[in-house]
Every structure is written in structure tokens, then in C-alpha cells.
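# Architecture at a glance
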Amino acid sequence: MADWHTTVTPPALARLLATARLPEPATARRPAYRTLAGQIRLLVTEGRLPVGARLPAERELATALELSRTTVATAYETLRGDGYLLSRRGAGSWTALPEGAPPPGDALRPVPPDEQGRILDLGVAALPAPQPWTGQAAARAVELLPQYAAGHGHYPTGVPVLREAVARRYTERGLPTAPDQILITTGAMGGLHLVQRVLVGRGDRVAVEAPSYAHTLQALRITGARLVPVPYEYAPQPRWDLEEWQRVLRGAAPKMAYVIPDFHNPTGTLIDEEQRRELLAAARAAGSIVLADETTAELGWGVPESTPLPRPMAALDRSAQVITVGSAGKLLWGGLRIGWVRAAPALVRRLAGERVYGDSGTPVLDQLIAAELLGEPLPDVRAHQLDRLRATAHAFAAALPEHLPDWSFPAPPGGLALWVSTGGLSGAALARAGEHAGIRIAAGNRFGADGAFEHHIRIPLTVPAPAVPAAVERLAALAARAATGGRLGAADEAQPLAI
Ligand SMILES: Cc1ncc(COP(=O)(O)O)c(C=O)c1O
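Since this is a predicted model, take the numbers as computed values, not measurements. (Residues numbered from 1 in each chain as written. Predicted model: local features only at pLDDT ≥ 70, side-chain atom pairs only at ≥ 80, totals over all residues. Heavy atoms only, no water.)

### Let's talk about the overall build of the protein chain
Broken down by element type, the protein chain carries 17 helices and 15 strands. Overall size of the protein chain, expressed as C-alpha extent along the three principal axes, is 80 × 50 × 40 Å. Looking at the protein chain residue by residue over its 499 residues, the buried ones come to 53%. The long-range share in the protein chain, meaning contacts at least 24 apart out of those at least 6 apart in sequence, stands at 74%. (Helix = DSSP H or I, 4+ residues; strand = E, 2+ residues; numbered from the N terminus. Buried < 20%, exposed > 50% of the residue type's maximum accessible area, 1.4 Å probe, protein only. Contact = heavy atoms within 4.5 Å.)

Set out below in C-alpha cells:
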């Protein structure tokens, strides 16, 4: 169980319960205790009630919900029997996931080359290199290489032209930045891991959005951090639940808060400036570092060009508590393995000093290619990549409701993926079956700090739009088999999927 427990007050739980919709026909036939147990189970599996959350005492909840105490006691008893609640006499009751629930954290691996003909890869959310610009940039970089080849080629902070190009891009986005605030890393992942390795100790708490980017969660687990998930609010639009963030920051005083404010992976959510400011204020009061992951910040394919975007978190920060990580991997190409950290110059130097014991530096030629792409071709490259994401998003938005009417997803303003609720089907079971049926899927529980989001999958927008009908057909066939094999009751019977 987590070492820090958020306490859910009776009114907060009542509010959440009002949003937990169970399948209609079953609700009508269910006794009140089963409805309540089912709703709490749904909130836990959907990550809206974190695992390890302390629930109200039976009597208090009964009063808040205007139910009898016996109803609440029987609901809690049912949840305990199913493994969704742990209780200690005199101490209280905490939400849990049953033993045998699919474990989170197994990394998303790309389909190996010899399987690419057979398997449609919806596991990895990354675009191909934009052409012809990448080829042209590579040719220019090769022409420049002799200037660099005459030296030793080691640049622990990055090649100056790329540090300048990244700093210029921040300045253009409304955050004046000097090159000595930029450390070039091997992908955003290299930056995230370096920051975590240097600033987060074994046993330190790190607050994370729930859901969050799967690989960062796993990197944090490997570092020995204790994850404290903070659920999103979904109505009317997905956004941070700031009350919960404030409670977690005040109560758990995490060393770090890791957030993806711009076109979040996997939900695509864009956080407005007011929420950014409020989270920063709460983190400042708690003494927590904010690690803002801007890997997806330039992927606003659903935002009109004329609409100003919220400023980067670091632009709203007066106390240098924000460390930003970015990447060329999503806007340009993941194969370059170019990322960066934006921080105070002293921290950049410290991180550079540490990274020499890791990857030592990032390949020079790739940095030169990225610097070329971030220069003159950038507006065209960006338009090309956003057009592609938008076309695929529209294709999925048309095909999914037609073929999978029970599935739903918030329409995101940008980002790499759709965060799809599978109408009660196990995302992990769909992913397992998909491997045999020729489609790789990222199960939702990979994006939960604690194995939540069992009834979600992430669908990347990085496949070409013409591939969408085939992808949706395969998904619909999988879902049909899952449903006949025994639908995982969203809240009713927790039976395994026979597929
Ligand atoms: C939010 C987020 N952070 C980090 C990464 C990793 O980026 P990179 O490929 O640059 O290591 C990704 C990749 O999808 C991402 O979506």
C-alpha cells in the first residue's frame, strides 16, 4: 500500500459517486449496497479514486449519502471481499486493487522489425520523420560536420548551435531563455532520468498526474521514488483536480511534482494558465520542485493558430522551482534522440557534471540535424506534423463511435493520443489478445501509478489516417470477442475476460 494516504471526505466522495455511472439495466436491479460498492470499484479502477485513499467511516458516509449505515457497511464488506478495500479495526479503510490485478509498469516495446508486417502497432505514439525536411537537414549537418570532427566531439551540455536553437524557441514561445539554461540530453527520457537521478532520492515521494506518461512512471519506480497519484477531474473538461493537488502537496510534501501541462500524454489535456499558477503556488508552499514535461507542448493540432496558448510553467515561476524537460522527438523525429532540460545555469552545470557518468553526451551529428530542423524549416515541419495528427484524430473520431459505440473518449485539443474508456472491457486483456490478433495496444493501466485505468486503452494518433479503418476494425473484432467471452462488469461482477 502507498505510504501516504489521501483522505476522502464524505462530501468529496459523494461528488465523485455522482459521476460514477454504472451500466443502466444492471443499476435498476441492484440493491443499494451493490450500487455503492460498484461505484466505488469503478472509481478505483478508473483512477479517479487513488489506490490507498482513505475512505470515510461508515457512519459519516451513510449520513452524507442519506443511506442506512447497514447499506454502507455491506458495501464496504463487499469491496473488502473483492479486494478493493483494506480495513484495520480502529484505523480506517483504504482503497486497494485485488491481488492478481495486472501489474503496471511493464514498458511499451516497439514491434520488432520482423513482426511489423503482421502487427499494427498502436503501442508507440511517435511520428515518422517529416520529409523532405529531415533528409535536407541531415545533408546540411553532414556538410557542417568537418568543423566539429576536428575537435574531440564531447559536449556534455550540448553543441552550442542546438542550445541556441532550443533557447530561441523558448523565447519565441514567451519564455526568454539563454543558451546556458539549456542542457541537451538523449531524448526527453534522458533528461527526465537525469533530473530524477540527481534530485530524487530512494524513498522520496513524487506526485504524479493520474494518468501519466508510462515510461516516466516506470523510471521513477526504478529510481526508488514513491509515487503519489493525483487524479484528473473529467467534467466538464479534463483538467487538474487542484483541491486534490493542494491536499497532496500540503499533506505528502513530495520532493517533486511531475506534470505534463501541454497536450498531456495520454489524455491530450491542455492546462490553462490559472491552474498552472495555482499548482505552482501550492508546490512553492510545500517546497516541492515542479518537473514540467513539455515533450508534447507543440502538438496543439486542435487549437486555432489565432488562439494564444498558455505560457510555459517556467514563465509563471518566480522562484526557479520549475525544471522543464522538452524533446524534438514528437514534433520532429524520435529517431534523433534529442531532448533537453531547461533550468537555472547552475543546475544545468550540475546535471552536465553528473551525465558524464551516464551517456556522457548526445551524438553531435544528431544535434546538428535537430538544430537545422529547429531553424528555418520549423513552421513548415510543424504544420506538416500537426496536419497529420489532426487527420488521424478526425478519422478515429468518426470511426470509433460507429464501430465501438460503448467506447468513449474526451476530444483532446492536441497531443499524441486518444484516452479511450473501453466501456468496461479490460484494457490489459485487450492488449494481450491483440498481440495474437495482429494489433498492439497500450493498456490503460500502464499509465496509472498504481495499476488503475484497467478499463482504458491509449490509441495513438501517429498512425497514418488511411490506416485508421483497419485499426478500428481490428479493435472492434477484439472487443466483440471480449464481450462474448465475458464482459468485465464495469462495476458488477469482476470476472476475468475469457479471450
Ligand atoms: C510526455 C512524454 N515525455 C517524455 C517522452 C519521451 O520522449 P523522448 O522520445 O524524447 O525520450 C514522451 C514520448 O512519448 C512523452 O510523451
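### Here's the deal with the sheet that holds strand β3 (residues 92–95)
Spatially, three strands are ordered β1-β3-β2 in an open sheet, and the strand pairing comes out antiparallel. For this open sheet the edge positions go to β1 (54–55) and β2 (85–88), each flanked by a neighbour on one side alone. Sheet topology places β2 next to β3; four bridges connect them, and they run antiparallel. Residue R88 lies in a different strand from β3, and its bridge partner there is G92. (Pairing = 2+ DSSP bridges.)

### Points about the nonpolar core
Ranked by internal contacts, the top residues of the largest apolar core, which has 89 residues, are W240, W245, M313, F396, L400, W407 and L475. When residues of this core are assigned to domains, at least three fall in each of domain 2 (113–126 + 380–492) and domain 3 (133–375). For W245, the residues in contact, after removing those within four places along its chain, are A207, V208, E209, V230, W240, A257, V259 and L279. Counting residues in each nonpolar core, the second largest holds 28 residues, with A188, L192, L199 and Y258 among its members. (Core = buried A, V, L, I, M, F, W, Y, C linked by side-chain atoms within 4.5 Å. Domains from an automatic or database assignment.)

### Details of the site of the ligand
All residues in the neighbourhood of the ligand are listed as G187, A188, M189, L192, Y213, I260, N265, D293, T295, S327, K330 and R337. Measuring from an oxygen atom of the ligand, one finds a side-chain N or O atom of S327 at 2.6 Å. Considering each element in turn, the shell around the ligand owes the most residues, four residues, to helix α8 (residues 187–199). Here the residues of the shell around the ligand sort into five nonpolar, four polar and three charged. (Near = heavy atom within 4 Å. Polar contact = N/O pair within 3.5 Å; in protein donor to acceptor, adjacent residues only side chain to side chain. Nonpolar A, V, L, I, M, F, W, Y, C, P; charged D, E, K, R; others polar.)

### Brief notes about the packing of aromatic side chains
Here the structure, examined in full by the defined rule, presents five aromatic pairs. A ring pair is formed by Y148 and Y155, whose centres lie 6.3 Å apart and whose planes are at 65°; its orientation type is edge-to-face. Residue classification places Y148 among the buried positions, given a relative accessible area of 14%. A residue is classified by how much of its surface remains accessible, and Y155, at 23% relative accessible area, is partly exposed. With a centroid separation of 5.4 Å and 70° between ring planes, the pair formed by W419 and F453 is classed as edge-to-face. Of this pair, W419 sits in strand β13 (residues 417–421) while F453 sits in the loop between β14 (439–443) and β15 (456–460), and the two are 34 residues apart along the sequence. You'll find W419 and F453 in the same group, each marked buried. An aromatic cluster is built from W419, F447 and F453, whose rings are joined through pairwise contacts. (Phe/Tyr/Trp six-rings, centres within 6.5 Å; stacked < 30°, edge-to-face > 60°.)

### Let's talk about the sheet that holds β13
Pairing is mixed across the open sheet formed by four strands, whose spatial order is β4-β14-β15-β13. Each edge of the open sheet is held by one strand with a lone partner, namely β4 (120–122) and β13. Across the sheet, the mean angle separating the axes of adjacent strands is 30° when strand polarity is ignored. Set on the sheet, helix α16 (residues 427–437) makes contact with β14 and β15; between it and β14 the angle comes to about 165°. Against the sheet, helix α17 (residues 468–484) touches β4, β14 and β15, its axis set at about 70° to β14. (Axes fitted to C-alpha atoms, helices over the stretch in contact; angles between N-to-C directions.)

### Regarding helix α10 (residues 242–252)
Here α10 has its buried residues at L242, E244, W245, V248, L249 and A252. Buried residues in α10, looked at end-on, bunch into an arc of 155°, giving them a common side. For α10, the secondary structure elements touched by its buried residues are β6 (205–210), β7 (226–233), β8 (239–240), β9 (256–259) and α11 (273–286). At the exit of α10 stands A253, carrying a positive phi of roughly 35°. (Arc of directions from axis to C-beta.)

### Section: α17
Every α-helix carries 3.6 residues per turn, so stepping three or four residues along brings you back to the same face. Over its 17 residues, α17 runs 24 Å from end to end, which matches the ideal 24 Å to within 8%, given 1.5 Å per residue. In the core, the buried residues of α17 are packed alongside β4, α15 (378–403), α16, β14 and β15. (Expected span 1.5 Å × (residues − 1).)

### With respect to the pairing of β15
Each regular strand shows side chains that alternate between the opposite faces of the sheet. β15 sits mainly inside the fold: five of its five residues count as buried. Side-chain alternation along β15 places H456, R458 and P460 on one buried face and I457 and I459 on a second face that is also buried. Pairing of β13 with β15, which is carried by five bridges, proceeds in the antiparallel orientation. What sits directly across from A417, in β15, is P460. Both β14 and β15 contribute to a ladder of two bridges, which runs antiparallel. Along β15, the bridge assignment pairs A443 with I457.

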